[in-house]
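Coordinates in review
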Amino acid sequence: MVIKVYLASSSGSTAIKKKQQDVVGFLEALKIEYTPLDIACSEENRMWMRENVPGEKKPTNGIPLPPQIFNEEGYCGDYETFFDAKEDNQVYAFLGLPPPPGSKEALQAEQVPLQNGTDPDQEPEDTPRKEAGEEEGEEGEEEEDVEEQEAQEPEEPQSEEEEEAPVTEEEEEEGADAEDEEDE
């Protein structure tokens, strides 16, 4: 796989020069092999770059500015998408290259993604497991499983009145006595 970076060797824009230097310098620092293709000296390179940048990635005037980055014939992105990938430690993914072993990106790729905060290989604790020889449809066991799940799940209060601590019988009697005294 060959990374192609389309550059303009004789650009009057210092912003474009800085962006090109940033891309090239970063690729060299990571020792990623690339081929610089000059669009200022080669009409063929300029036309190929312009034709192969996807329409949704082209600026409003329709002419993409360098640097533009490709992996073989596949479009990777422009400076802004490269910069975002660099900030997120995703340059190898951006370029369509496998990350080298031991790199931050490789370590991130090795970590098992968590689904809803749990390991996808581990069964949730409240999921009943079937034992060997256990048949489905045994109603007594299903009811017990449901009761166990309900006992484990904390009840969410549905109104402010229910948020208060439960009232004991003694408290109810004291409250009734207090109301009776108020009525007198």
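Everything here concerns the structure above.
Quick caveat: nothing in here was measured; it's all calculated off a predicted structure. Throughout this description, residue numbers start from 1 for each chain and increase along the sequence as written. pLDDT decides what is reported in this predicted model: residues at 70 or higher carry local features, side-chain atom pairs at 80 or more are listed and counted, and totals for whole chains, interfaces and linings draw on all residues regardless. With hydrogens and water stripped out, all remaining heavy atoms of the structure feed into the side-chain values.

1. Some remarks on the overall build of the chain
Only DSSP runs of H or I with at least four residues qualify as helices, and only runs of E with at least two residues qualify as strands; both kinds are numbered from the N terminus onward. Each helix and strand in the chain was counted, giving eight helices and four strands. For the chain, the sequential pattern of α-helices and β-strands runs β-α-β-α-β-β-α-α-α-α-α-α. Each residue is placed in one exposure class: buried if its accessible area under a 1.4 Å probe, protein chains only, is under 20% of its type's maximum, exposed if it is over 50%, and partly exposed if it falls in between. Taken across its 184 residues, the chain has 23% of its residues classed as buried. Two residues qualify as a contact provided that any one of their heavy atoms is within 4.5 Å of a heavy atom in the partner residue. In the chain, the share of contacts with a sequence separation of at least 24, taken over all contacts with a separation of at least 6, comes to 54%. Method for areas: the Shrake-Rupley scheme with a 1.4 Å probe, in which residue coverage is limited to the protein chains shown. Accessible surface computed for the chain: about 14,000 Å², of which carbon and sulfur atoms make up 45%.

2. Thoughts on the sheet that holds strand β3 (residues 68-71)
Strand order in the open sheet formed by four strands is β2-β1-β3-β4, with mixed pairing between adjacent strands. Strands with a single pairing partner mark the edges of an open sheet, and in this sheet they are β2 (34-38) and β4 (74-78). Direction aside, neighbouring strands of the sheet carry axes that sit 25° apart on average. All axes are obtained by fitting lines to C-alpha atoms, using only the stretch in contact for helices, and the reported angles, taken between N-to-C directions, cover 0 to 180 degrees. Along the sheet face, helix α2 (residues 43-52) touches β1 (3-7), β2, β3 and β4 and points at about 80° away from the line of β3. Strands β3 and β4 of the sheet are contacted by helix α3 (residues 79-87), whose axis makes an angle of about 85° with β4. DSSP calls a pair of strands paired once it identifies at least 2 bridges connecting them.

3. Some thoughts on the nonpolar core
A general trend in soluble globular proteins is that nonpolar side chains are found buried together. For the purposes of this section, nonpolar cores are sets of buried Ala, Val, Leu, Ile, Met, Phe, Trp, Tyr and Cys residues that join through side-chain atoms within 4.5 Å. If you look at the biggest cluster of nonpolar residues, it comprises 17 residues, and the most contacted ones within it are I69 and L95. Sort the elements by how many residues they give to this core and helix α4 (residues 91-95) lands first, with four residues. Apart from the residues within four sequence positions on either side, L95 is in contact with I3, L27, I32, I69, N71 and C76.

Keep in mind that these numbers describe shape and distance, not what the molecule does.
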